[in-house]
Amino acid sequence: MFADKEFFGRMTPLTSSRNGFIFILTGLILLLFYAAISAPHAETVSETERLILKTAKRSILLDVEVADDPAERSKGLMHRPTLPPMQGMLFDFGETRKITMWMKDTEISLDMFFVDASGKILYIKDKAVPHSLDVVTFEGAARAVLELNGGFAHENSVKIGDVLYHPIFENQ
């Protein structure tokens, strides 16, 4: 009653050599296209390390990716649509020096914590604006910068003078 015998009778099976080839070729093209558009997001999953942020009120356990070479520091958290809570990126510059950061191609607001070699927080940039080309810096020298979701410092009462504990700092 619902089937049109004339229509279905004219169909050729997908297993015919020409139709099967076109079907498989189309599938492969779609698969390659999907892999190409997904590739940048696949790179965003990196190994994390534990970091403890000790405030006046409590210790906060965080999982951080460590950016410790120029290529990793240059890329940072660019092109990531989200950052899970209690995760971030620790930029290790390997020495104490003047550090400048920016938000180019960064899609999420971030708090930036400029930290000395002993892990002490020297300066906090609250809620850096996504995609901003403004330079974010601390006037003095720092060893590292920790980036967390924008608003983290306020929500967790993180202040200048609080301390980070991680193997890169001289407090282990």
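First things first, this report covers the structure right here in the doc. Model, not experiment: these values are computed from the prediction.

1. Topic: the nonpolar core
So, step 1. Grouped together as the largest cluster of nonpolar side chains are 20 residues, with contacts concentrated most on L62, F113 and L146.
So, step 2. Contributions of two or more residues to this core are made by strand 1 (49–54), strand 2 (59–67), strand 5 (110–115), strand 6 (121–128), strand 8 (142–149) and helix 4 (152–155).
So, step 3. When residues in this core are grouped by element, the largest group, 4 residues, is from strand 2.
So, step 4. Apart from residues no more than four positions distant in its own chain, F113 is found in contact with I121, Y123, I124, A144, V145, L146, L148, F152, A153 and V158.
So, step 5. Core analysis: the second largest hydrophobic core is formed by 19 residues, I99, I108, M112 and V136 among them.

2. So, the sheet that holds strand 6
So, step 1. Strand order in the open sheet made by the 7 strands is 6-5-8-3-2-1-9, with mixed pairing throughout. Each edge of the open sheet is held by one strand with a lone partner, namely strand 6 and strand 9 (163–165). Neighbouring strand axes in the sheet, compared pairwise and without regard to direction, differ in orientation by 30° on average.
So, step 2. Pairing geometry for strand 2 and strand 3 (residues 87–97), over 5 bridges, is parallel. The residue bridging V66 from the neighbouring strand is L90, located in strand 3.

3. A few points about the pairing of strand 3
So, step 1. Here strand 3 pairs with strand 8 via 5 bridges, running antiparallel. In the strand pairing of strand 8, M89 is matched with E147.

4. Notes on the side chain of E147
So, step 1. Of note, E147 is situated in strand 8.
So, step 2. Buried and unpaired, E147 has no salt bridge, with R80 as the nearest side chain of opposite charge at 8.7 Å.
So, step 3. For E147, the contacting residues outside a window of four places in its chain are L77, G88, M89, F91, M101, L110, D111 and M112.

Rules of the game
Residues numbered from 1 in each chain as written. Predicted model: local features only at pLDDT ≥ 70, side-chain atom pairs only at ≥ 80, totals over all residues. Heavy atoms only, no water. Core = buried A, V, L, I, M, F, W, Y, C linked by side-chain atoms within 4.5 Å. Buried < 20%, exposed > 50% of the residue type's maximum accessible area, 1.4 Å probe, protein only. Helix = DSSP H or I, 4+ residues; strand = E, 2+ residues; numbered from the N terminus. Contact = heavy atoms within 4.5 Å. Pairing = 2+ DSSP bridges. Axes fitted to C-alpha atoms, helices over the stretch in contact; angles between N-to-C directions. Lys, Arg positive; Asp, Glu negative; His and termini not counted. Salt bridge = Lys/Arg side-chain N within 4 Å of Asp/Glu carboxyl O.

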